[in-house]
Amino acid sequence: MSVHVIGAGLAGLAAACQLTELGHHVVLSEAAPHAGGRARSYDDKQLGCRIDNGNHMLLSGNISTLSYLHRIGARRSLSGPAEPVFPFRDTSTGESWTLRLNMGGFPWWVFSPARRVPGSRLWHYAALLKLRKAKLGDLVGPMLGGAGPVYAKLLEPLAISALNTMPERASAAPLAAVLAETIERGGYATLPRWARLGLSETFVDPALDWLRARGAEIRLGERVTALKPGEATVVAVPPRAAAELVPGLVVPNEFESICNLHFKYKMKPGETGFWGLTGGMAEWVFARAEVISVTISAANRYAGMENPLIAARVWAELARTFALPDETPPCRVVWEKRATFAATPEQLKRRPGTRTANPNVVLAGDWTDTGLPATIEGAIRSGNAAAMALLHPQT
Ligand SMILES: Cc1cc2nc3c(=O)[nH]c(=O)nc-3n(C[C@H](O)[C@H](O)[C@H](O)COP(=O)(O)OP(=O)(O)OC[C@H]3O[C@@H](n4cnc5c(N)ncnc54)[C@H](O)[C@@H]3O)c2cc1C
């Protein structure tokens, strides 16, 4: 069978790889001159180095992602610690702590004050059990807000990063789905992982090479404006573009931005790493050899602020927290205005399934109904599901 995959983000790449692996001929069309969509790297002229559009964090429980990387020969291109450890800094108080999960399935780390969130009591972790019962209409803030420091220092920043939506509006159900596949399965499933060199080097370029080597046709810079009748097609474009291609499709229509700041700053060997941040504007910082990259999730709240002001404020937070020089170094501010759909109950109800009314046309993308928030794992899983749905039409 010949299949047209439209969109070379991670969902489209995953679908293309799955179909190719199963012996089908794939034509992959991508509107942009490069593949990768919302997860890509590029050479930044202003900073004079290569950067990612934004920091992307994975956990070792993201099994569809790890299988995808294994398939395209890029599994070793991830970095991360051998233990499930998460260092945190509060940028307003300077407090620092490290969450240290244990490797096995039974979470004995919660019984050890040295491993858990400072100031937390055992009963605060009952919030994790409560979360298991979360329904679509339950909101993160009201549901978990009673968990004291476990909420303020762990669940709230985690929810903002994973759902890219502020907790008072975000549904707790997709957060519960993330935790069920990671923290609840134990430390083996909660090892932090990120692309060692860059997103494109890990997720995109090896996939394109793998596809080309197996005869897939890759057409970059080709925007598809209409589906060809009768052609087996995976529509793996963002929700708005999908609704233009598939008449009558209901899709999420409210979005949240993510703002990433890349500061050109040479770290000393041994000082690189990542930290979760609380008490300020940002949620994560990755200090690499030449660049310190900071992520502000659910960033619509800062949309009215000028970039130089955001850069100055974020650098001031970093400078006092990590004892860096006061002067703001050269900085590239990257806004992804439609980074993900807003994970509110209303928007989650608008996620379509994989199949459409036309058995030849299936959908893929982090915005389809994967049960997960809009993440790499969701995107890749949706691509795999779309490929299988196309090959096994419902009777
Ligand atoms: C700044 C940022 C930080 C993030 N951080 C994380 C993180 O830490 N962890 C995590 O797991 N996830 C993270 N995500 C989410 C993750 O990047 C996405 O879930 C994932 O990349 C989505 O892939 P996709 O294939 O579904 O969509 P996209 O990447 O949007 O791909 C869709 C593709 O379709 C193309 N296209 C559109 N219209 C057409 C057309 N008509 N014809 C042909 N092609 C078309 C687009 O150009 C695009 O390449 C982050 C996202 C952003 C933006």
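Structure: see above.
Each value, and the rule that gives it
Residues numbered from 1 in each chain as written. Predicted model: local features only at pLDDT ≥ 70, side-chain atom pairs only at ≥ 80, totals over all residues. Heavy atoms only, no water. Core = buried A, V, L, I, M, F, W, Y, C linked by side-chain atoms within 4.5 Å. Buried < 20%, exposed > 50% of the residue type's maximum accessible area, 1.4 Å probe, protein only. Helix = DSSP H or I, 4+ residues; strand = E, 2+ residues; numbered from the N terminus. Contact = heavy atoms within 4.5 Å. Phe/Tyr/Trp six-rings, centres within 6.5 Å; stacked < 30°, edge-to-face > 60°. Pairing = 2+ DSSP bridges. Right-handed = clockwise from strand over helix to strand, strands pointing away. Polar contact = N/O pair within 3.5 Å; in protein donor to acceptor, adjacent residues only side chain to side chain.

Draft legend 1. A look at the nonpolar core. In terms of nonpolar packing, the biggest core is built from 44 residues, with Leu10, Leu13, Leu28, Tyr68, Phe203, Leu211 and Val234 touching the most fellow members. Listing elements by their share of this core, those giving two or more residues are strand E1 (2-6), helix H1 (10-21), strand E2 (25-30), helix H2 (63-71), helix H7 (199-213) and helix H11 (376-391). Ranked by residue count, the leading element in this core is H1, at eight residues. Every residue in contact with leucine 211, bar those within four places of it in the chain, is listed here: Leu13, Ala16, Cys17, Thr20, Leu28, Ala216 and Ile218.

Draft legend 2. Inspection of the packing of aromatic side chains at higher detail. One pass over the full model with this rule turns up twelve aromatic pairs. Consider the rings of phenylalanine 88 and tryptophan 97, whose centres lie 5.4 Å apart with planes at 5°: the pair is stacked. Ring plane angle 35° and centroid distance 6.5 Å describe the contact between phenylalanine 88 and tryptophan 284, whose orientation is recorded as tilted. Of the two residues, phenylalanine 88 is situated in strand E7 (residues 85-90) and tryptophan 284 in strand E14 (residues 284-287); the sequence distance between them amounts to 196 residues. One exposure class covers both phenylalanine 88 and tryptophan 284, and it is buried.

Draft legend 3. Highlighting the pairing of E2. Here E2 lies mainly inside the structure; five of its six residues are buried. Looking at chain direction, E1 and E2 are connected through five bridges and run parallel. Within the sheet, the bridge partner assigned to histidine 4 lies in E2 and is valine 27. Since E1 and E2 lie parallel, the crossover through H1 that links them has a hand, and here it is right-handed. Summarising the sheet, E2 and strand E10 (residues 217-220) pair through four bridges and their orientation is parallel. Note that in E10 the partner of valine 27 across the bridge is glutamate 217.

Draft legend 4. Looking closely at the side chain of arginine 40. Structurally, arginine 40 is set in the loop between E2 and strand E3 (41-44). The buried category is assigned to arginine 40, whose relative accessible area is 18%. In this structure the side chain of arginine 40 is engaged in a polar contact, spanning 3.3 Å, whose partner is the side chain of glutamate 336. Setting aside residues no more than four positions away along its own chain, arginine 40 makes contact with His34, Ala35, Ile51, Asp52, Asn53, Leu199, Ser200 and Glu336.

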